[in-house]
Amino acid sequence: MKTRILLTALLATLGSASAEVKIGVVVSSTGPAASLGIPERNTVALLPRTIGGEKVTYIVLDDASDTTAAVTAARKLVQENKVDLLLGTTTTPASLAMIDVAAESKTPMISLAASESIIKPVDAKRNWVFKTPQTDAIMATAIVDHMARGGVKTVGYIGFNDAYGEGWLKELQASAAKKGLKIVATERYARNDTSVTGQALKLFAARPDAVLIGASGVPAVLPQKALNERGYKGKIYQTHGVANADFLRVGGKDVEGAYLPAGPVLVADQLPASNPTRKVGLNYMKLYEAKYGKDSVSTFGAHAWDAGLLLQKAIPAALKKAKPGTPEFRAALRDAIENAPNVIGAHGIFNMSKTDHLGLDARSRVMVQVQGGTWKLLK
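All values derive from a computational prediction rather than experimental measurement. (Residues numbered from 1 in each chain as written. Predicted model: local features only at pLDDT ≥ 70, side-chain atom pairs only at ≥ 80, totals over all residues. Heavy atoms only, no water.)

A. Highlighting the side chain of histidine 357. Looking at where histidine 357 falls in the secondary structure, it is placed in the loop between β13 (349–350) and β14 (366–371). Separated by 2.7 Å, the side chain of histidine 357 and the backbone oxygen of valine 129 make a polar contact. Those residues in contact with histidine 357 that lie beyond four places of it in its chain are Ile119, Val122, Arg126, Asn127, Val129, Phe130, Lys131, Arg334, Glu338 and Met352. (Helix = DSSP H or I, 4+ residues; strand = E, 2+ residues; numbered from the N terminus. Polar contact = N/O pair within 3.5 Å; in protein donor to acceptor, adjacent residues only side chain to side chain. Contact = heavy atoms within 4.5 Å.)

Here it is as structure tokens:
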């Protein structure tokens, strides 16, 4: 009898030990989007290793800012590593490509990319997909509102020739129409281009009151530098895709004066005490800078942090219904993410639903300007 009891206890212990939650992470640690992906990867190292009493293992792969590599990594994680959730990836085109992997394997996915098309419409495929970055629509509204208040009447646009750039142009067109702003020129360029002289000349010739650069990371410096070199005196707006230290470091004086919308975490120490995300943002800043150095925080790492906060709410709920490593657990985890109420993150307050797999509102954005080589909150 004693032997049987001991054997039962041992099997229970072994079963518990093997019931770890596996999170498969895909980020762009190298390539054109590395300035976004590196802080995401760095933040994963700060996420808790135990949630709801279960061990959590993070398996991190680099997609090298390549869509095909992102899909390959995602398939490896679900087929070989049997992960319970996919976290990533960094860019919109690659995240869109990963949706099929998540849907086919019925593995919940939290994207770290911006485009609204990643989560809308919530169809059979996107039923498994969530994201933490603010949508282009939320941020474009903030930009156009700021333009209108500042007297801007005409706008020029230059953006990436991919899903990110096209998504931003679409949102600019929609928001500008509502405010009566006229778009007088549109140009495209590739993420790895080294010159945009021709596009800058066309924008300059159109003489818009303001120019929006629909790009992300360090490659977003190029159009602003080219416009400055040609003496453009209008206002220049960037997207929230540039909100990291590398953009400031590489851009230097060339990006001085740029306006952009950003998650409140970027200027957490400048937020009023009444802002509900201030405390969470400051805590993330403290932890990140303690490990990676002063002024190293970016909004991109904070998107991964917010994903971690969602998981800290969702995993305990899913564990009540099934064990990790099973289809039932993955389904329960998906449901728990969708139904987690009022999750206060570094970027805003998440309230997911069956029709909204982001769950953020206008509280998730602030307008900032590059002043003196740093970010300044605009009142």
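B. Inspection of the layout of surface pockets at higher detail. Roughly 320 Å³ of volume is contained in the largest pocket. Lining the largest pocket are 16 residues, and of these Leu266, Glu289, Asp295, Thr374 and Trp375 sit closest to its centre. Of all the elements in the fold, those that place two or more residues in the lining of the largest pocket are α9 (245–251), α10 (278–292) and β15 (374–377). Its residues assigned to classes, the lining of the largest pocket comprises seven nonpolar, five polar and four charged. (1 Å grid on protein atoms, 1.4 Å probe; cavity = no way out; pocket = protein on both sides within 12 Å on 5 of 7 lines; lining within 4 Å. Points joined across faces, edges and corners; volume = space filled by probe spheres on them. Nonpolar A, V, L, I, M, F, W, Y, C, P; charged D, E, K, R; others polar.)

C. Fine view of the environment of glycine 293. Checked against the element boundaries, glycine 293 lands in the loop between α10 and α11 (299–319). Residue classification places glycine 293 among the partly exposed positions, given a relative accessible area of 24%. In sequence terms glycine 293 and alanine 215 are 78 residues apart; their C-alpha atoms lie 26 Å from each other. (Buried < 20%, exposed > 50% of the residue type's maximum accessible area, 1.4 Å probe, protein only.)

D. Structural view of the packing of aromatic side chains. Considering all chains together, one arrives at seven aromatic pairs under this definition. On the numbers, 6.3 Å between centres and 55 degrees between planes, the contact of phenylalanine 160 with tyrosine 164 is tilted. On the accessibility criterion, phenylalanine 160 (0% relative accessible area) is buried. Residue class for tyrosine 164 comes out buried when judged on its relative accessible area of 4%. These aromatic residues form a ring-pair network of at least three members: Tyr284, Tyr288, Tyr292 and Trp305. (Phe/Tyr/Trp six-rings, centres within 6.5 Å; stacked < 30°, edge-to-face > 60°.)

E. Highlighting helix α4 (residues 92–105). The first and last C-alpha atoms of α4 sit 20 Å apart over 14 residues, in line with the 20 Å expected at 1.5 Å per residue. Along α4, the sharpest change in direction is near 25 degrees and occurs at methionine 98. Contacts from the buried residues of α4 go to β1 (21–27), α3 (67–79), β4 (85–88), β5 (109–111), β6 (129–131) and α6 (163–179). The first or second residue beyond α4 is lysine 106, which carries a positive phi of 50 degrees. (Expected span 1.5 Å × (residues − 1). Bend = angle between axes of the 7 residues up to and from the residue.)

F. Main features of the packing of α11 against helix α12 (residues 327–339). Two elements in contact, α11 and α12, have axes separated by 8 Å at closest approach and are oriented at 135 degrees. As summarised for this structure, α11 and α12 are arranged oblique, according to the angle between their axes. Both α11 and α12 take part in a crossing whose hand is right-handed. From α11, Leu311, Ala314, Ile315, Ala317, Ala318 and Leu319 reach across to α12, where they touch Phe329, Ala332, Leu333, Ala336 and Ile337. (Axes fitted to C-alpha atoms, helices over the stretch in contact; angles between N-to-C directions. Parallel < 35°, antiparallel > 145°, perpendicular 65-115°, else oblique. Left-handed = near helix turned anticlockwise from the far one by under 90°.)

G. Main features of the pattern of salt bridges. Inspection of every chain in the model, using the stated rule, returns 14 salt bridges. Across the pair lysine 179 and aspartate 145 runs a salt bridge whose closest N-O atoms are separated by 3.6 Å. Residue lysine 179 is found in helix α6, and its partner aspartate 145 is found in helix α5 (residues 136–149); the two are separated by 34 residues along the sequence. Within the structure, one salt-bridge network assembled from shared partners comprises Arg334, Asp335 and Glu338. (Salt bridge = Lys/Arg side-chain N within 4 Å of Asp/Glu carboxyl O.)

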